[in-house]
Amino acid sequence: MGSETRPAARRRSRISPDRAAELYALVLDRLREVGYDALSVEDVAARARMSKATIYRQWGGKPELVIAALRSLGPPEIGAADTGTLLGDLKAYIERYHQMAALDRGMNRAVAHAIHRDPRLMDAVRQAIVEPGLAALDTVLSRGVARGEVPAGCKALPYVKYMLLGTLGGEAVLDEDVDIGFLHGYIDHVIAPALGLRAPGDADRPPPAGPRRW
């Protein structure tokens, strides 16, 4: 990736916002089609009918160009939905993430594989996607505590973000597509018990049997 980054004096760009938006769309299309490693400034410049020098002068190289393209998408729409219950809020939260992932699986997978090889890309994704998502999750959990659904001292609370990130990231790592029913089940049968919450239908189920004696 070193050949894709060239130190250059930054000068005020004459590229219009519309032209930059076209370039970002092209970069994201190529990212979906060929992945991060195979994407090159030369290819993007040729397709955009723009000189490589202009791209290097404006953005500095491939990592910066990809980061700018990702940021052009704007912050994810991950609101801290208030459904009236913590279980409902968690399901709405994970459903929104699932919907976002389903919209652009090709690009998400390309970025997921690339961020582990480029710290700058990792930082950009963290700032643009992960941090807003974690802030929304903090709001959801704090509201559950304020309602009295979960005690403030619940030892499982700090682990919820890791559990959610693990299952959401697992789709890309395992190259599997899960449906919303699976994710709702994950909330009901993994996260709810950890937080001491009763999932729908739990009241009708018999208590678990004790350990089997052989």
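Residues numbered from 1 in each chain as written. Predicted model: local features only at pLDDT ≥ 70, side-chain atom pairs only at ≥ 80, totals over all residues. Heavy atoms only, no water.

Quick word on the overall build of the protein chain
Put simply, the rule is: Secondary structure follows DSSP: runs of H or I at least 4 residues long count as helices, runs of E at least 2 residues long count as strands, and numbering of each begins at the N terminus. Working definition: with a 1.4 Å probe on protein chains only, accessible area under 20% of the residue-type maximum means buried, over 50% means exposed, and in between means partly exposed. Residue contacts follow a heavy-atom distance rule, with two residues in contact if any of their heavy atoms lie within 4.5 Å. Each accessible area value is a Shrake-Rupley result obtained with a 1.4 Å probe; residue values ignore everything except the protein chains displayed when judging cover.
Per the secondary structure count, the protein chain includes nine helices and zero strands. Starting at the N terminus and ending at the C terminus, the protein chain contains elements arranged as α-α-α-α-α-α-α-α-α. Classification of the 214 residues of the protein chain by burial places 40% in the buried group. By sequence separation, contacts in the protein chain at least 24 residues apart represent 73% of the contacts at least 6 residues apart. Carbon and sulfur atoms provide 55% of the accessible area of the protein chain, an area that totals close to 12,500 Å².

So, the layout of surface pockets
In plain terms, the rule: Points on a 1 Å grid over protein atoms alone make up a cavity when a 1.4 Å probe fits among them but cannot get out, and a pocket when they form an open set with protein on both sides within 12 Å along at least five of seven lines; lining residues each have an atom within 4 Å of a point. Grid points are joined across faces, edges and corners, and a volume is the space filled by probe spheres set on the points. Under the convention adopted here, Pro, Cys and the residues Ala, Val, Leu, Ile, Met, Phe, Trp and Tyr are nonpolar, Asp, Glu, Lys and Arg are charged, and Gly plus all remaining residues are polar.
Of the volumes computed, that of the second largest pocket is approximately 150 Å³. Sorting elements by how many residues they give to the lining of the second largest pocket places helix 7 (residues 119-147) first, with six residues. Of the residues in the lining of the second largest pocket, the class split is six nonpolar, one polar and two charged.

Comments concerning the confidence of the model for the protein chain
Our working rule: Per-residue confidence from the predictor is reported as pLDDT, a score between 0 and 100.
Mean pLDDT for the protein chain: 80, with 79% of residues reaching 70 or above. Taken together, the stretch residues 204-214 has pLDDT below 50 and engages in two contacts with residues farther than four places along the chain or on a different chain.

A closer look at the packing of helix 1 (residues 17-38) against helix 2 (residues 41-48)
Here is the rule we go by: Between the N-to-C directions of two axes lies an angle of 0 to 180 degrees, each axis being a line fitted to C-alpha atoms and, for a helix, fitted only over the stretch in contact. Angle categories: roughly parallel below 35 degrees, roughly antiparallel above 145, roughly perpendicular from 65 to 115, and oblique for all the rest. Should the near helix be turned anticlockwise from the far one by less than a right angle, the crossing is termed left-handed; should it be turned clockwise, right-handed.
Look at helix 1 against helix 2: their axes get within 10 Å of each other, and the N-to-C directions meet at 130°. Regarding the angle of helix 1 to helix 2, the classification is oblique. Helix 1 and helix 2 meet at a crossing whose hand is right-handed. Where helix 1 abuts helix 2, its residues Arg19, Leu23, Leu26, Val27 and Arg30 lie against Asp43, Val44, Arg47 and Ala48. Looking at side-chain class alone, the contact of helix 1 with helix 2 contains five nonpolar, no polar and four charged residues.

Overview of helix 9 (residues 180-195)
Given 3.6 residues per helical turn, the α-helix brings residues three or four places apart onto the same face. In plain terms, the rule: A helix's residues, less one, multiplied by 1.5 Å, set its expected span. Bend angle per residue: angle between axes fitted to the 7 residues ending at that residue and the 7 residues starting there. Polar contacts here mean pairs of N or O atoms no more than 3.5 Å apart (in protein, one a potential hydrogen donor and the other a potential acceptor; neighbouring residues in sequence count only if both atoms are side-chain atoms).
With 16 residues, helix 9 should reach 22 Å at 1.5 Å per residue; the first-to-last C-alpha distance of 21 Å fits that figure. Of all the bends in helix 9, the greatest measures close to 30° and is centred on Ile187. Taken as a whole, helix 9 has its buried residues at Leu183, Gly185, Tyr186, Ile187, Asp188, Ile191, Ala192 and Leu195. The opening residue of helix 9 is Asp179, an N-cap whose side-chain oxygen sits 3.2 Å from the backbone nitrogen of Gly181. In the stretch just after helix 9, Gly196 is the one whose phi turns positive, near 80°.

Re the nonpolar core
Put simply, the rule is: As used in this record, nonpolar core signifies buried Ala, Val, Leu, Ile, Met, Phe, Trp, Tyr and Cys residues forming a set joined through side-chain atoms within 4.5 Å.
With 31 residues, the main nonpolar core has Leu23 and Ile55 as its most contacted residues. Broken down by secondary-structure element, the contributors of at least two residues to this core are helix 1, helix 2, helix 3 (52-59), helix 4 (62-71), helix 6 (105-114) and helix 7. Ranked by residues supplied to this core, first place goes to helix 1 with eight residues. Filtering out sequence-adjacent residues up to four positions away, Ile55 remains in contact with Leu23, Val41, Val44, Ala45, Met50, Gly60 and Leu65.

A look at the side chain of Lys91
Tracing the sequence through the fold places Lys91 in helix 5 (residues 86-103). With a relative accessible area of 16%, Lys91 lands in the buried category. The contact partners of Lys91, leaving out residues within four places of it in the chain, are His184, Ile187, Asp188 and Pro200.

Considering the pattern of salt bridges
The criterion, for reference: Salt bridges are defined by distance alone: a side-chain nitrogen of Lys or Arg within 4 Å of a carboxyl oxygen of Asp or Glu.
All chains considered together, the criterion is met by 14 salt bridges. Where Arg47 meets Asp43, a salt bridge forms, and the shortest distance between an N and an O atom there is 2.9 Å. With Arg47 and Asp43 both in helix 2 and four residues apart, this pair spans about one turn of that helix. Judged by its relative accessible area of 49%, Arg47 is partly exposed. Close ionic contact of Asp82 with Arg143 constitutes a salt bridge, the shortest N to O distance being 3.9 Å. Taken together, the residues Asp82 in the loop between helix 4 and helix 5 and Arg143 in helix 7 connect sequence positions 61 residues apart. Linked through salt bridges whose partners overlap, the residues forming this network are Asp82, Asp89, Arg143, Arg147 and Glu149.

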